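# Architecture at a glance
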Amino acid sequence: MVEGLTVRALSPDTWDAFAALAERHNGVWGGCWCTWFQTTHHEKTFDASSNREVKHHLVLSGRAHAALVFDGERAVGWLEYGTPAELPNIYHRKEYEAALERLPDYRLTCFFTDRNYRRQGVSAVALSGALDLITASGGGLLEAYPLDTAGKKITASFLYNGTRTLFEQAGFTYQRPKGKNHCVMTKTI
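Residues numbered from 1 in each chain as written. Predicted model: local features only at pLDDT ≥ 70, side-chain atom pairs only at ≥ 80, totals over all residues. Heavy atoms only, no water.

Along the backbone of the chain there are 5 helices and 7 strands. Helices and strands in the chain line up, N terminus first, as β-α-α-β-β-α-β-α-β-α-β-β. By the compact-globule yardstick of 16 Å for 189 residues, the chain fits well, its C-alpha radius of gyration being 15 Å. The principal-axis extents of the C-alpha atoms in the chain amount to approximately 40 × 40 × 35 Å. Taking contacts inside the chain between residues at least 6 apart in sequence as the whole, the part at least 24 apart equals 67%. If you sum the accessible surface of the chain, you get close to 9,300 Å²; carbon and sulfur atoms cover 50% of it. Distance between charge centroids for the chain: 6 Å, based on 21 positive and 20 negative side chains. (Helix = DSSP H or I, 4+ residues; strand = E, 2+ residues; numbered from the N terminus. Rg over C-alpha atoms; globule rule 2.2 N^0.38 Å. Contact = heavy atoms within 4.5 Å. Areas by Shrake-Rupley, 256 points an atom, 1.4 Å probe, with all protein chains shown as cover. Lys, Arg positive; Asp, Glu negative; His and termini not counted. Charge placed at Lys NZ, Arg CZ, Asp CG, Glu CD.)

This part takes up the packing of aromatic side chains. Enumeration over the complete set of coordinates arrives at 12 aromatic pairs. With a centroid separation of 5.8 Å and 90° between ring planes, the pair formed by Y96 and Y145 is classed as edge-to-face. Taken together, the residues Y96 in helix α3 (residues 93-98) and Y145 in the loop between β5 (141-144) and α5 (164-169) connect sequence positions 49 residues apart. A connected cluster of aromatic rings, assembled from ring pairs, spans W15, F18, W33, W78 and F112. Taking NZ or CZ as reference, R8 lies 3.9 Å from the ring centre of F70, over its face. (Phe/Tyr/Trp six-rings, centres within 6.5 Å; stacked < 30°, edge-to-face > 60°. Lys NZ or Arg CZ within 6 Å of the ring centre and 35° of its normal.)

Bringing the nonpolar core into the picture now. Membership of the largest hydrophobic core comes to 27 residues, with the highest contact counts inside it found for L10, W15, F18, W33, F37, L68 and W78. A total of 6 residues in this core trace back to one element, the largest contributor, which is helix α1 (residues 15-24). Once you skip the residues sitting within four places of it in the chain, W15 turns out to touch W33, R52, K55, H56 and V59. Ranked by size, the runner-up nonpolar core spans 25 residues in total, among them V69, V125, A126 and L131. (Core = buried A, V, L, I, M, F, W, Y, C linked by side-chain atoms within 4.5 Å. Buried < 20%, exposed > 50% of the residue type's maximum accessible area, 1.4 Å probe, protein only.)

Structure representation (structure tokens):
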């Protein structure tokens, strides 16, 4: 685990650090800028510079939330979270909705870690920070959609939702499978 990491909320005050991290990684996941879960298909531009503008607008308007992990003043990772209205786009929606009993208050959708900090515990720091930020906002039912790796080592590019083990260690409960290798996990805080 990397020592000395801190967590701050994504906000207009931390936008520049978030943007620098995304830019160091070509806009993240092919120029997504962590907008995939926030936009529906008809809203997507599939263009990194447009996605940057979309994300910036969402941050400025208070409709994008993330726990940003910092090493000093340098952002090195994040976990995106928000309400279902803020994060309407999830994978395997039809299967998910068929077994849905109630919408969560918050979804935890997407991790990203700087390539120089991977496999050092940044995701666990981001998750802990997100839980603290959500608690400070009043808490509620949280839902995550991690990869169930069944103990296999998986390349980091497929771990954007985190792992079942990571969420179990944070006190989340397995609810059901979703898609081929993902699952729905919940926690109330």
